[in-house]
Amino acid sequence: MSHHQKLSETPTVHETARVEKSTLGRYTEIAEGCRVTETVVGDYSYMMENCMAWCVEIGKFSNIAAYVRMNATHHPLERPTLHHFTYRASDYFDDAEYETDFFAARRAKKVRIGHDTWLGHGSTILPGVTVGDGAAVGSGAVVTKDVAPYTVVAGVPAKPLRERFDRKTVERYQALSWWDWDHVRLRAALDDFRHLSAEAFLEKHER
């Protein structure tokens, strides 16, 4: 991410990125080569180069590294063929149609990425998975099941490595919901985000 570029209320989208049928929040950034479709990107969240997102709800302050794929679609393993000519039939035959039910079933398996999350380089989030607030996903991980809030996962398939904070602290952070603070309040708390421990931050800002 270029540090001289000042982000603003208006989303920053690189000219080589393709964003379709999507909603981008304030202070968001979509870097070069990304393909973002039917996706909601919350305030302050960003995607680095060459990410792919389809049918994803992304919270605020999500840090998405390069080459992350969210909602990697599946092919029908149970059919006689894996190939998409069966469900994208109109691409191949004049008198055949797209299988709308197939696409509706895919859309129903939306991916949800929580607030203040980090998806490491080249990670893949499979259909229907929710990544909880404050969670971190290791580089190259393939996430096949939901990730609990404030949990670090890695591997193929991704498994929990550790909790960032104890459960009580996690509950307190989710109750505090600092990601909903306005821009002015975030600026006022900047030094606290930088210098206070997780516990001290809560003690100061829960009041």
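Note that the structure is a prediction, hence the values are computed from the model and not measured.

Asker: Any chance you could explain the environment of V129 here in plain terms?
Answerer: Its place among the elements puts V129 in the loop between β14 (124-125) and β15 (130-131). Looking at V129, the relative accessible area reads 1%, which means it is buried. With 78 residues separating them along the chain, V129 and R207 place their C-alpha atoms 34 Å apart.

Asker: What should I look at first to understand the packing of aromatic side chains in this one?
Answerer: Ring pairs (aromatic) are described by centroid distance and by the angle formed between their planes. What the rule picks out here adds up to 18 aromatic pairs. With centroids separated by 5.8 Å and ring planes inclined at 80°, the aromatic side chains of F102 and F103 adopt a geometry described as edge-to-face. Across this residue pair, the class does not change: F102 and F103 are buried. With a centroid separation of 4.6 Å and 40° between ring planes, the pair formed by F193 and F201 is classed as tilted. Assessed through its relative accessible area of 32%, F193 is described here as partly exposed. An aromatic cluster of at least three residues, connected via ring pairs, comprises Y27, Y44, F61, Y150, F165, Y173, W178, W179, W181, F193 and F201. The lysine or arginine in question, R185, covers the ring of W181, its NZ or CZ lying 3.8 Å from the ring centre.

Asker: Hey, could you run me through the environment of H183 in this one?
Answerer: The topology assignment puts H183 in helix α3 (residues 183-188). Assessed through its relative accessible area of 35%, H183 is described here as partly exposed. Each C-alpha atom of the pair H183 and L77 lies 47 Å from the other, and the pair is 106 residues apart in sequence. For H183, the side chain forms a polar contact with the side chain of Y27, separated by 3.3 Å.

Asker: Explanation requested: the nonpolar core in the structure shown.
Answerer: Note that soluble globular proteins tend to have their nonpolar side chains buried in a common cluster. Counting residues in hydrophobic clusters, the biggest one holds 27 residues, and the most contacted among them are M47, M70, I113, L119, I125 and V131. Elements supplying a minimum of two residues to this core: β9 (56-58) and β12 (111-113). Ranked by size, the runner-up nonpolar core spans 14 residues in total, among them V170, L176, W181 and L186.

Asker: Would you mind going over unusual backbone geometry with me for this structure?
Answerer: Peptide bonds are trans in most cases, and residues, glycine excluded, mostly fall at negative phi. Along the chain, V156 connects to P157 via a cis peptide bond; the corresponding omega equals -10°. Along the polypeptide, P157 turns up in the loop between β18 (151-154) and β19 (159-163). Its identity is not glycine, yet Y27 carries a phi of approximately 55°, on the positive side. As for its placement among the helices and strands, Y27 is situated in the loop between β3 (23-24) and β4 (29-30). Since its relative accessible area comes to 13%, Y27 is described here as buried.

Conventions used here
- Residues numbered from 1 in each chain as written.
- Predicted model: local features only at pLDDT ≥ 70, side-chain atom pairs only at ≥ 80, totals over all residues.
- Heavy atoms only, no water.
- Helix = DSSP H or I, 4+ residues; strand = E, 2+ residues; numbered from the N terminus.
- Buried < 20%, exposed > 50% of the residue type's maximum accessible area, 1.4 Å probe, protein only.
- Phe/Tyr/Trp six-rings, centres within 6.5 Å; stacked < 30°, edge-to-face > 60°.
- Lys NZ or Arg CZ within 6 Å of the ring centre and 35° of its normal.
- Polar contact = N/O pair within 3.5 Å; in protein donor to acceptor, adjacent residues only side chain to side chain.
- Core = buried A, V, L, I, M, F, W, Y, C linked by side-chain atoms within 4.5 Å.

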